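What the coordinates show
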Amino acid sequence: MENKTSFYSTIAMEIWEYAEMGFLEENSAGLLQKTLKDEGFTIKSGVAGIPTAFVAEYGSGSPVIAILGEYDALPGLSQMAVPEKTTAGKAAGHGCGHHLFGTASTAAAIATKNWMKSKNIKGTIRFYGCPAEEGGSGKVYMVREGLFNDVDVALHWHPGATNGADVGASLANKSAKFRFYGISAHAAAAPDKGRSALDGVEAMNVMVNMMREHIPEKARIHYVITDGGKAPNVVPDYAEVYYYARHNYSDVVMDIFDRIVDAAEGAAKGTGTTMEFEVLGGVHELLPNQVLQEQMYQNLVRVGGYNYTDDEKVFADKIALTLGLESANLNTISTIQPYQAEGKAFGSTDVGDVSFAVPTVGMRAATWVPGTPAHSWQAVAAGGTSIGEKGMMIAAKTLALTAVDLFQNEDLLMQAKAEFLERRGDNFIYTPLLGDRPPALDYRK
Ligand SMILES: [Zn+2]
């Protein structure tokens, strides 16, 4: 794969330049589809009712090994590949490194295909082109559609500031926009004729903030008022608030969410407004798989870390200064973090729903300067340089090695499946948190 670095770097940098947001990733998805098609993969595009979702497949029969790829960018994070905050003048930027995510996963699928071909291996390697991870829950629609039903194992990774393959954890999350409708009126001359939609939003927020004391610990509720009216002298007839509810378990999230809806209904009643809400996202927590995780970790150790060139060191030290660090800790780039059998959940990912459909395992590679948080301009900047490319190739190799293991080692597959079934429980029935709504294709418009 080493000799392919520049080939895949070119693809990743093109996607970095496109910087397309969730469900709008036409060029990014198109480029990955073309790359896979040129390598003999069969492409099904526009799956699950999403124009930028696709499945690329090579081979036939079982086992079926899936590699997930993402490619959406984040609004408001346009940034040049330089070590100071400088906008590239675009609507979005790759602050989560998904240009590298999609490309490395493509590289791993192609490398696995080449190995299968040369060794005459039976089975199927698939690449899942997964749009709109950032708040769009793209994979949930793909799981709901049954696209993973015949998959044996799904592999994924994520860009980061260190190299690691710990047991993953993430929070279940349900999000919605609550829209209040009132009656506008002159705020001084005829306030009695008006009913404020903003009052509805504020009353709802007060109730939800009181509720925080009476929900399970570790739950998280966040909101932003996305529309609070336009002028103080007009009673607003429209207001909107955007909510997230998160917890380690999806059933807790569903319960909290229902209580948030109750608060919204009460607020509407009390303020003489009307309310409707739209669920925009909903993801399960990650179901870990220790058997697969240990295998992935061994492969990552085999691949190893990398070192910066002198130019990369200069770049990294400049970024480190903006992060309040004296210099970049190069040790975290060249080494692999010790294995952790228990993950801590901070964010949420729609990989969670895949992990309840099939045994799923992931890793992370250092594509950013040590100390860089995700969703920052520093992440966009490093992701646009050779630092991002080097991290990406570590992920590509580790995923490919793990896929090869899974095709060769039937025991490993069986153990992974047994652990999966045990963790998921006997009476598990998949319920998507976002219900039966069609894909929210315009959530970024
Ligand atoms: Zn991400």
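Residues numbered from 1 in each chain as written. Predicted model: local features only at pLDDT ≥ 70, side-chain atom pairs only at ≥ 80, totals over all residues. Heavy atoms only, no water.

A few points about the overall build of the protein
Regarding its fold elements, the protein presents 13 helices and 14 strands. Over its C-alpha atoms the protein spans a radius of gyration of 23 Å, differing by no more than 12% from the 22 Å that the globule rule assigns to 445 residues. For the protein, the C-alpha atoms occupy an extent of roughly 80 × 55 × 40 Å along the three principal directions. Taking all 445 residues of the protein together, the buried fraction comes to 55%. Here the contacts in the protein between residues at least 6 apart in sequence split such that 81% fall between residues at least 24 apart. Accessible area of the protein: about 18700 Å², with a carbon and sulfur share of 51%. Positive and negative charge centroids in the protein, built from 38 and 52 side chains respectively, lie 3 Å apart. (Helix = DSSP H or I, 4+ residues; strand = E, 2+ residues; numbered from the N terminus. Rg over C-alpha atoms; globule rule 2.2 N^0.38 Å. Buried < 20%, exposed > 50% of the residue type's maximum accessible area, 1.4 Å probe, protein only. Contact = heavy atoms within 4.5 Å. Areas by Shrake-Rupley, 256 points an atom, 1.4 Å probe, with all protein chains shown as cover. Lys, Arg positive; Asp, Glu negative; His and termini not counted. Charge placed at Lys NZ, Arg CZ, Asp CG, Glu CD.)

Focus on the packing of aromatic side chains
Per the stated rule, a full pass over the model turns up 19 aromatic pairs. For the pair Trp115 and Phe407, a centre-to-centre distance of 6.3 Å together with 45° between the ring planes defines the contact as tilted. On the criterion of sequence distance, the pair formed by Trp115 in helix α3 (residues 98–119) and Phe407 in helix α12 (residues 386–408) is long-range, its members being 292 residues apart. In this structure, Trp115 and Phe407 share a single accessibility class: buried. Ring geometry for Tyr128 and Phe148: centres 4.2 Å apart, planes at 15°, overall stacked. With Tyr128 in strand β6 (residues 123–130) and Phe148 in the loop between α4 (138–144) and β7 (153–155), this residue pair connects regions lying 20 residues apart in the sequence. Cluster of aromatic residues (ring-pair linked, three or more members): Phe178, Tyr223, Tyr243, Phe257 and Phe277. Here the guanidinium or amino end of Lys4 rests over the ring plane of Phe7, the centre of that ring lying 4.9 Å away. Above the face of the Tyr242 ring, Lys177 is positioned so that its terminal group lies 5.0 Å from the ring centre. (Phe/Tyr/Trp six-rings, centres within 6.5 Å; stacked < 30°, edge-to-face > 60°. Lys NZ or Arg CZ within 6 Å of the ring centre and 35° of its normal.)

Some details on unusual backbone geometry
With an omega of 0°, the peptide bond between Ser62 and Pro63 qualifies as cis. When you line up the elements, Pro63 lands in the loop between β2 (54–60) and β3 (64–70).

Thoughts on the pairing of strand β11 (residues 238–247)
Counting buried residues along β11, eight of its ten residues qualify, which places the element largely inside the surrounding structure. Sheet topology places strand β10 (residues 220–227) next to β11; seven bridges connect them, and they run antiparallel. Opposite His222, over in β11, you have Tyr244 as the bridge partner. (Pairing = 2+ DSSP bridges.)

Points about the environment of Arg444
On the secondary structure map, Arg444 appears in the segment after α13 (410–424). Separated by 367 residues in sequence, Arg444 and Leu77 have C-alpha atoms that sit 14 Å apart. Apart from the residues within four sequence positions on either side, Arg444 is in contact with Met21, Gly22, Leu24, Leu74, Pro75 and Glu134.

Here we look at the pattern of salt bridges
In total, this model carries 17 salt bridges according to the counting rule given. With its nearest N and O atoms 3.1 Å apart, the salt bridge here joins Glu17 to Lys90. Placement of Glu17 in helix α1 (residues 5–18) and of Lys90 in the loop between β4 (74–75) and β5 (92–93) is noted, with a sequence separation of 73 residues between them. We note a salt bridge from Lys113 to Glu39, for which the minimum N-O separation is 2.8 Å. Taken together, the positions of Lys113 in helix α3 and Glu39 in the loop between α2 (26–38) and β1 (42–45) put the pair 74 residues apart, joining distant regions of the chain. With relative accessibility at 21%, the residue Glu39 sits in the partly exposed group. Connected through salt bridges with shared partners, the residues Arg179, Glu240, Glu278 and Arg437 form a single ionic network. (Salt bridge = Lys/Arg side-chain N within 4 Å of Asp/Glu carboxyl O.)

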